[in-house]
Amino acid sequence: MKNLFRATIILWCCCSTGAVSDLLGEQPQATERSSTALSYSHLPADSQTNPALAKRIVELEQQVSETQAQVLQMERQLDQLTRPSRPPSRPATEPTVRLAGSIVAGELPSHESTAESPDTMTAAIDRDIDESSSHAGGQAAPASLWDRLERDLDIFGQMRVRQETDFERITGPTRNRQRLRLRFGADYQTNPELKIGGRLTTGDRKSSLEPVDRGGAPVSYQDTGDVFDKFEINIDRLFATFTPECLPGTWLSVGKFKNPIQLNPIFDSPVGDLLWDEAAQPEGVAIGYSFPSCFGFDLVRVVLGESAVLELSNLDDTGLLFGQLWAEKQLGCSWRLSSGIAFYDWNNLNPDGNTTLSAENNSGNAVIVVGPDPLKDGIFASEFRILNPLVVLTYDDGDPCSGLELLQLVGEVFQNTGSFDNDRDFGYSVGAAYGPAIRSQDRGAWYAYYAWAEVQQESVFTPVAQDDFQQATNFRGHMFGLAWYLYKSTELRLSFLVDTPIEPIGVSEETEWRGRLDLTVGF
């Protein structure tokens, strides 16, 4: 619009002045003229003795003046469209493009190069149109709806196709299944301080981590082979996050949101964290604050939250208090140390003997049977107050062509201080990941990983623990895999998970294997 308007004005003015030049012929040097009398001495000899020609020149000059007035009116209309409140950029009596002299003053314009050049006219028009994009006082003009969406709306999603095979199962024969998952979400920055967001996902909202084998938190995978039933779509995130400008580094989230605790990157990225499966989204409120530099660290972050777990109309509610202190420090040019400690304090798990959590969502924690049905009338034997120290050491030389592109070494401990049995309250894991895909999802990037874990029965709270190993707790095992990006954000991954019970399950101590082939496309 701006370029078209500028070109039209220049062409119009040049054509108008060109018409006058054609009539006047060559332009001799300007001579002094009286300011009160019309002089024809600078005109060709034929025109000096031809009153009709001189009259025609005057008419053409008047047309030029009218053209200039129309140009000025067009500029004002453009101003009103883009910035209605802006006052005129120059006095209304001053045309945008001027010829030397004034017909009103009794002079014909001199044909010396006194008219503004096309470059000068272009610059002037540019200034006027650029000014129209701002309000008076230097404020930006209101953005259109499309501009606001493009700037403030972040749409994201992921689709995964999985082939999964379980070998040597304790609970049954070898199992093959195909699993699908779709997630689609959006965050919108409503203003500089407030962001709202949500996410949709496949899966039955009441389904367990392993619908056939055990209870647990809801999952977002949809298994095929259910007589062609349609897939369900549910909301698993819906939140608002407030980041006050008066308190830089502070944020407050309410609703149903991603767990803000920093988790083990070896487990959290390819599978799910041992303590907290990534499919479980806490509901409640969380607040955090980041110190850019504190106590010798480059970054210190504090998170504290409270979540509603089970709300009962006639009984006390079940809740969760969680938090973390996290710090990061650069060690030399290539190494970075990140470490912290988190806590999860679950309270009132069986209010007045209610067994909703212990019977329907338990995946292996010990229970005490208080009724005739051992499957439905069990309450948790332990309380769960879990401490989780985590250390991550990362090497990145910044050169993707070097031999050592990126390496992560991770170790963590989880200790349940509320366990009924001190011989079942401890767990730990160590692992490593290597490859450029740790930091990049570009085509051709890859990484390999390995981790070892030992998880005692009461060291994790199984309603939200991982579902990737065939057992959620009471096992020791390996996890290893290789991921390759076929295209940007398109990953092919082959992984294996091997677990052996710490204490026999029934009479079995058999080692279980699970193999997975995943194709994941992110957008």
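Residues numbered from 1 in each chain as written. Predicted model: local features only at pLDDT ≥ 70, side-chain atom pairs only at ≥ 80, totals over all residues. Heavy atoms only, no water.

1. A look at the confidence of the model for the chain
Alright, step 1. Averaged over all residues, the pLDDT of the chain is 79; the fraction at 70 or higher stands at 72%.
Alright, step 2. The secondary structure element of the chain with the lowest average pLDDT is helix H1 (residues 2–24), at 48, and the one with the highest is strand S6 (residues 250–256), at 98.
Alright, step 3. Across residues 84–118, where pLDDT falls below 50, the model places 68 contacts with residues more than four positions away in sequence or in other chains.
Alright, step 4. Taken as a whole, residues 208–216 scores under 50 in pLDDT and shows 40 contacts with residues more than four places along the chain or in a different chain. (pLDDT = per-residue confidence, 0-100. Helix = DSSP H or I, 4+ residues; strand = E, 2+ residues; numbered from the N terminus. Contact = heavy atoms within 4.5 Å.)

2. Overview of the pattern of salt bridges
Alright, step 1. Counted by the stated rule, this structure contains 22 salt bridges.
Alright, step 2. With its nearest N and O atoms 2.9 Å apart, the salt bridge here joins Arg177 to Glu164. With Arg177 in strand S2 (residues 175–191) and Glu164 in strand S1 (residues 153–167), this pair connects stretches of sequence that are 13 residues apart. The two residues Arg177 and Glu164 agree in class, both being buried.
Alright, step 3. Taking the shortest distance from any N to any O, the salt bridge between Arg385 and Glu383 comes out at 2.3 Å.
Alright, step 4. It is possible to trace a salt-bridge network through shared partners that takes in Arg162, Glu164, Asp166, Arg177, Arg179, Asp223, Asp468, Arg514, Arg516 and Asp518. (Salt bridge = Lys/Arg side-chain N within 4 Å of Asp/Glu carboxyl O. Buried < 20%, exposed > 50% of the residue type's maximum accessible area, 1.4 Å probe, protein only.)

3. Observations concerning the nonpolar core
Alright, step 1. Among the nonpolar cores identified, the biggest contains 46 residues, and Leu274, Tyr344, Trp346, Phe461 and Met479 are the most heavily contacted of them.
Alright, step 2. If you tally residues by element for this core, the top one is strand S16 (residues 446–455), at 5 residues.
Alright, step 3. When residues no more than four places from it in sequence are discounted, the contact partners of Leu274 are Phe267, Glu412, Phe414, Ser429, Ala453, Val455, Val460, Ala465, Gln466, Phe469 and Phe475. (Core = buried A, V, L, I, M, F, W, Y, C linked by side-chain atoms within 4.5 Å.)

4. Some remarks on the packing of aromatic side chains
Alright, step 1. This structure, assessed with the given rule, holds 15 aromatic pairs.
Alright, step 2. On the basis of an interplanar angle of 35° and a centroid distance of 6.2 Å, the ring pair of Phe184 and Phe523 is categorised as tilted. Separated by 339 residues along the polypeptide, Phe184 in strand S2 and Phe523 in the segment after strand S19 (512–522) bring together distant segments of the chain.
Alright, step 3. Residue classification places Phe184 among the partly exposed positions, given a relative accessible area of 40%.
Alright, step 4. A network of ring pairs unites the aromatic residues Trp276, Tyr344, Trp346, Phe380, Phe384 and Phe461 as a single cluster. (Phe/Tyr/Trp six-rings, centres within 6.5 Å; stacked < 30°, edge-to-face > 60°.)

5. A short note on the environment of Leu393
Alright, step 1. Tracing the backbone through its elements, the reader meets Leu393 in strand S13 (residues 384–396).
Alright, step 2. Placed 62 residues apart in sequence, Leu393 and Leu331 show a C-alpha to C-alpha distance of 9.7 Å.
Alright, step 3. Among all residues touching Leu393, those that are not within four sequence positions of it are Leu331, Trp335, Arg336, Leu337, Leu407, Gln408 and Leu409.

6. Overview of a negative patch on the surface
Alright, step 1. A contiguous patch of negative charge on the surface is contributed by Glu311, Asp316, Asp317 and Asp352.
Alright, step 2. Inspection of the secondary structure puts Asp352 in the loop between strand S10 (335–347) and helix H7 (356–360).
Alright, step 3. Overall, Asp352 belongs to the exposed group, its relative accessible area being 71%. (Patch = residues over 30% accessible without salt bridge, like charges linked within 9 Å, V, L, I, M, F, W, Y side chains within 5 Å. Areas by Shrake-Rupley, 256 points an atom, 1.4 Å probe, with all protein chains shown as cover. Lys, Arg positive; Asp, Glu negative; His and termini not counted. Charge placed at Lys NZ, Arg CZ, Asp CG, Glu CD.)

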